[in-house]
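Below, each chain spelled out in residue letters.
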Amino acid sequence: MALTNTQYDLLIREYDQRKLRNETAADERIAYINENVPGYRQLGDEIASLGSRALERLLGGDKAALDDINEKIDALSEKRAALLKEAGYPEDYIKVRYDCPDCSDTGYINGRKCHCLKQKIVNILYSQSHISELLEEDNFSTLSYDYYKDADLDRFRAAADAARIFADDFDKDYQNLLFCGTVGTGKSFLSCCIAKQLLDSGHCVIYFSAIELFERLSDIMFDRGDPGELMSVREDLYNCDLLIIDDLGTELTNNAVAAELFSLLNERHLLHRSTVISTNLSLEDLKDRYEDRIFSRIAQRYNIYRISGPDIRRIKKTGQNRIRKE
Ligand SMILES: [Zn+2]
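Here we come to the overall build of the protein. Each helix and strand counted, the protein has 13 helices and 7 strands in total. By the compact-globule yardstick of 20 Å for 326 residues, the protein is too spread out, its C-alpha radius of gyration being 27 Å. Structurally, the protein occupies a C-alpha span of about 80 × 60 × 35 Å along its principal axes. Within the span of the protein, comprising 326 residues, buried residues form 24% of the whole. In the protein, the proportion of contacts linking residues at least 24 apart, taken out of those at least 6 apart, comes to 78%.

Structure below.
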């Protein structure tokens, strides 16, 4: 699937504006330092005039000009950095602070799309923009154990620890996670925690409810839509760094589409691409719902965590107190 020209233009304009905003902010910091740190501007002027002198000599055929002058420029730059430090500013104060330092907010690295641009495209194509708002609230920094006690607390703690390890070790350790448990016990919350950490570290994450995923899969199976686009959706689903499937079991089951889902999970496993699944169903229910043999084979590749406890979403909504610890 591809962006329309308008969507692409809007995205690139967003990049241009972000780049400009960050560069202007750096220019303003430099202007401030030039005004307020004595000697800083003069050193800058000296460096600039040395640079233009080097260029003149170079154009005049003097090949040694650069080495000679570079040394002087380095010495002056060091002096300038020392002035900045003495005045109490961090070393990188005058540098541009890009939102994505990897591509300097251009969206491209050596002509190829940067991970930040790829993820933005995925967000637009799969209407994931709402996810970024959700992730501002649901992430490891807001994770709380206060809603659980006793065995529920032990289970949630084990699942949360597994989620942290999964995200921390994502690049070196291939794993899949399956969170099961009743409604509102924190399964989707943990998936969001993982998604947020991996998105922040530049990975490509696709987050689907099982209902949305089954719709996409059936479009692919029954060739509903533009063949090029279907191919591209298929490629994204099979190749994204992390696929998160929320609420497996809520979709309308259809054997053919379920088989497509399991072939997707199988293929991702062969490619060592991780998947995180959450479901309100028990493992027994899942086996009943999908073909036992296929499901069991898939389940072997997942670390399974059962979460139990009160419906936290309801508690939050009704404003009840968190569980009091004895
Ligand atoms: Zn980037």
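Further notes follow.
Attention now moves to the domain arrangement of the protein. As assigned here, the protein comprises domain 1 (5-86) and domain 2 (126-318). Taking the mean C-alpha position of each, domain 1 and domain 2 sit 47 Å from one another.

What follows covers the sheet that holds strand E4 (residues 205-209). As summarised here, the arrangement of the 5 strands in space is E4-E5-E6-E3-E7, forming an open sheet in which the pairing is parallel. Edge positions in the open sheet fall to E4 and strand E7 (303-307), since each of these has one partner strand only. Between one strand and the next, the sheet's axes are offset by a mean angle of 15°, whatever the strand orientation. The sheet contact formed by strand E3 (residues 177-181) and E7 spans 5 bridges and is parallel. Residue pairing across strands places Phe179 opposite Tyr305, the latter belonging to E7. Its contacts with the sheet place helix H6 (residues 150-168) against E3 and E7, and it is angled at close to 140° to E7.

A word on the nonpolar core. Among the nonpolar cores identified, the biggest contains 43 residues, and Ile194 and Val205 are the most heavily contacted of them. Ignoring anything within four residues of it in the chain, the contact list for Val205 reads Ala195, Leu198, Leu199, Cys240, Asp241, Leu242 and Ile244.

Of note, the phi angle at Asp223 is positive, near 50°, even though the residue is not glycine. Residue classification places Asp223 among the exposed residues on the basis of 9 C-beta atoms within 10 Å. Backbone geometry at His272 places phi at a positive 60°, although glycine is not the residue there. Inspection of the secondary structure assignment puts His272 in the loop between helix H10 (255-270) and strand E6 (274-279).

Its 14 residues place the ends of helix H7 (residues 187-200) 20 Å apart at the C-alpha level, agreeing with the 20 Å of an ideal helix rising 1.5 Å per residue. Across the 14 residues of H7, 13 count as buried, placing the element largely inside the fold. Where H7 terminates, the next one or two residues include Gly202, which has phi positive at roughly 85°.

Interpretation of the predicted coordinates at a detailed level should be avoided for regions scoring low in pLDDT. Here the protein shows a mean pLDDT of 87. Residues at 70 or above account for 96%. Mean pLDDT across the secondary structure elements of the protein bottoms out at helix H5 (residues 129-137), with 75, and peaks at H6, with 96.

In the contact formed by helix H8 (residues 210-221) and H10, the axes pass within 10 Å of each other and the chain directions differ by 100°. On the basis of their axis angle, the class for H8 and H10 is roughly perpendicular. Here Phe214, Leu217, Ser218 and Met221 of H8 come into contact with H10, specifically with Ala256, Val257, Glu260 and Leu261. For the contact of H8 with H10, the per-class residue count stands at 6 nonpolar, 1 polar and 1 charged.

Each value, and the rule that gives it
Residues numbered from 1 in each chain as written. Predicted model: local features only at pLDDT ≥ 70, side-chain atom pairs only at ≥ 80, totals over all residues. Helix = DSSP H or I, 4+ residues; strand = E, 2+ residues; numbered from the N terminus. Rg over C-alpha atoms; globule rule 2.2 N^0.38 Å. Buried ≥ 20, exposed ≤ 12 C-beta atoms within 10 Å, placed from the backbone. Contact = placed C-beta atoms within 7 Å. Domains from an automatic or database assignment. Pairing = 2+ DSSP bridges. Axes fitted to C-alpha atoms, helices over the stretch in contact; angles between N-to-C directions. Core = buried A, V, L, I, M, F, W, Y, C linked by C-beta atoms within 7 Å. Expected span 1.5 Å × (residues − 1). pLDDT = per-residue confidence, 0-100. Parallel < 35°, antiparallel > 145°, perpendicular 65-115°, else oblique. Nonpolar A, V, L, I, M, F, W, Y, C, P; charged D, E, K, R; others polar.

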